Amino acid sequence: MGERPEEELFMERALGLAREAARLGEVPVGAVAVKGGVVVGEGYNRREVDRDPFAHAELLALSAAAKSLGAWRLSGVTLYSTLEPCAMCAGAMVQGRLTRLVFGAADPKAGAAGSLYNLLEDPRHNHRVELTGGVLAEASGALLKEFFRALRSPEVTTE
């Protein structure tokens, strides 16, 4: 049996973080920042728990990576996220000089890495982020669908 590609291994770790977010009642998104094959930061959605509009998985992972590396420039860092980033997170990736983003599920309603916009590869920016989408997209999408399905369905109680 062959080895799994590095992209899938780090995306599995991001999926584990997304599951932790779901356990807390957060939208299940997880992100892992990697440099040279080593995890330098990670995060999962914590907006509700922290009451913070900026507590997106990607921003938390980028912030942790910057602290870990002692630099705001994240050159050489790849971020693995279970969901295509929103405009805020994509903007932070450009501003932080992230080298590469690998994401799972596309976000047709808010995605800023190809679905609605592509802020990461926009030639008008002074920095562009290499982009790979669709890694473990089915697993990422299933986690999100299940979360929202459960959120919309009334709980069944027995007395």
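Just so we're clear, the structure is a prediction, and the values are computed from it rather than from any experiment. (Residues numbered from 1 in each chain as written. Predicted model: local features only at pLDDT ≥ 70, side-chain atom pairs only at ≥ 80, totals over all residues. Heavy atoms only, no water.)

J.: Hey, could you run me through the packing of aromatic side chains in this one?
T.: The geometry of an aromatic ring pair comes down to the distance between the two centres and the angle between the two planes. Enumeration according to the criterion identifies two aromatic pairs in this entry. Between the aromatic rings of Phe 10 and Tyr 80, the centroid separation amounts to 5.3 Å while the plane-to-plane angle is 35 degrees, which identifies the pairing as tilted. In this pair, Phe 10 sits in helix 1 (residues 6-23) while Tyr 80 sits in strand 3 (residues 77-83), placing the two residues 70 residues apart along the sequence. Each member of the pair, Phe 10 as well as Tyr 80, carries the same accessibility label: buried. Here Phe 147 and Phe 148 contribute two aromatic rings whose centre-to-centre distance is 5.1 Å and whose plane-to-plane angle is 80 degrees, an arrangement assigned as edge-to-face. A residue is classified by how much of its surface remains accessible, and Phe 148, at 32% relative accessible area, is partly exposed. (Phe/Tyr/Trp six-rings, centres within 6.5 Å; stacked < 30°, edge-to-face > 60°. Helix = DSSP H or I, 4+ residues; strand = E, 2+ residues; numbered from the N terminus. Buried < 20%, exposed > 50% of the residue type's maximum accessible area, 1.4 Å probe, protein only.)

J.: Which parts of the structure should I look at to understand the sheet that holds strand 2 (residues 38-44)?
T.: Through backbone hydrogen bonds, the strands of a sheet pair up, either in parallel or in antiparallel fashion. Strand order in this open sheet of five strands is 2-1-3-4-5, and the pairing throughout is mixed. Either end of the sheet is taken by a strand with one partner, and the two such strands are strand 2 and strand 5 (130-132). Neighbour-to-neighbour, the strand axes of the sheet open up by a mean angle of 15 degrees, direction not taken into account. Seen against the sheet, helix 3 (residues 57-69) touches strand 1 (30-35), strand 2 and strand 3 and runs at an angle of roughly 145 degrees to strand 2. Contacts from helix 5 (residues 137-152) reach strand 3 and strand 4 (100-105), with the element oriented near 60 degrees to strand 4. (Pairing = 2+ DSSP bridges. Axes fitted to C-alpha atoms, helices over the stretch in contact; angles between N-to-C directions. Contact = heavy atoms within 4.5 Å.)

J.: Can you help me understand the pairing of strand 1 in this one?
T.: Along any regular strand the residues' side chains alternate between the sheet's two faces. For strand 1, the buried fraction is high: five of the six residues fall into the buried class. In this sheet, strand 2 lies alongside strand 1 in antiparallel orientation, the contact comprising six bridges. Bridge assignment links Val 32 to a residue of strand 2, and that residue is Glu 42. Connecting the antiparallel pair strand 1 and strand 2 is a turn made up of two residues, with Gly 36 showing a positive phi of about 60 degrees.

J.: Could you clarify how one ought to interpret the nonpolar core in this entry?
T.: Counting residues in hydrophobic clusters, the biggest one holds 27 residues, and the most contacted among them are Leu 79, Met 93, Leu 98, Leu 101, Leu 120 and Val 129. Contributing elements (two or more residues each) for this core: strand 1, helix 3, strand 3, helix 4 (87-95) and strand 4. Looking at which element gives the most residues to this core, the answer is helix 3, with five residues. Among residues more than four places away in sequence, those in contact with Leu 101 are Leu 79, Ser 81, Pro 85, Met 93, Ala 113, Leu 120, Val 129, Glu 130, Leu 131 and Thr 132. Met 11, Leu 17, Ala 21 and Val 102 belong to the second largest nonpolar core, which has 11 residues in total. (Core = buried A, V, L, I, M, F, W, Y, C linked by side-chain atoms within 4.5 Å.)

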